[in-house]
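Okay, here's what each chain looks like letter by letter:
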Amino acid sequence: MESDTKVLEYETFLNERLREDLRKILEDRDELYEEVSEYFQLKSTIQKIQEDITPTSELKTKVDLGCNFYVQANVPNPSRINIAIGYGFFLEMSLPEALKFIDMKTQQLQDRTAQLTKDACKVKGHIRLVLEGLRELQNIPSESVKPHRDVLS
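Report follows, based on the coordinates. (Residues numbered from 1 in each chain as written. Predicted model: local features only at pLDDT ≥ 70, side-chain atom pairs only at ≥ 80, totals over all residues. Heavy atoms only, no water.)

Summing up its helical and strand segments, the chain has three helices and four strands in all. Each helix and strand of the chain, ordered N terminal to C terminal, gives the series α-β-β-β-β-α-α. The C-alpha radius of gyration of the chain comes to 25 Å, more than 25% above the 15 Å expected for a compact globule of 153 residues. Referenced to the eigenvectors of the C-alpha coordinate spread, the extents of the chain come out at roughly 80 × 30 × 30 Å. (Helix = DSSP H or I, 4+ residues; strand = E, 2+ residues; numbered from the N terminus. Rg over C-alpha atoms; globule rule 2.2 N^0.38 Å.)

Right, here's the structure in full:
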């Protein structure tokens, strides 16, 4: 009976804590990957603008107002750009400054995603440890216990 209680405690810990922690870490990492992707797109756009502009040129573009509604826009001076720097603040920068900022920001985000990947590996290790503990408590041979793919992916 005591082993049944321990098995239940381990299963509860596995399902309510470890799997939820892993899901949250992977979700946060995916959000950071999306943000890095957006910065790379912005960098590519800025580089294209730098190639195409002259000091007197005007930039004609389409601006997404949301929900895929676009309007024509004319930018009289495309040599400067406003970039969201966080917490709802925007900063006007020259194109070279913007590229430098993007490089620093993407490096920071990539460092954070690397840390989240390490955290996910630690949680996966804990999941395997709990699964092994469950196997021991239930006297199941180790070759028959295979972790579910969703748990460790």
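So much for the structure itself; the text now carries on.
Our next topic: the pattern of salt bridges. Throughout the structure, instances matching the rule amount to nine salt bridges. Between K24 and D28 there is a salt bridge, and its shortest N-O distance comes to 2.9 Å. Here D28 and K24 lie together in helix 1 (residues 2-52), a separation of four residues that amounts to about one turn. The exposure class assigned to K24 is partly exposed, which follows from its relative accessible area of 40%. By relative accessible area, which is 23% here, D28 ends up partly exposed. Taken together, the salt bridges that share partners define one network made up of E20, R23 and E27. (Salt bridge = Lys/Arg side-chain N within 4 Å of Asp/Glu carboxyl O. Buried < 20%, exposed > 50% of the residue type's maximum accessible area, 1.4 Å probe, protein only.)

Structural measurements only, silent on function.
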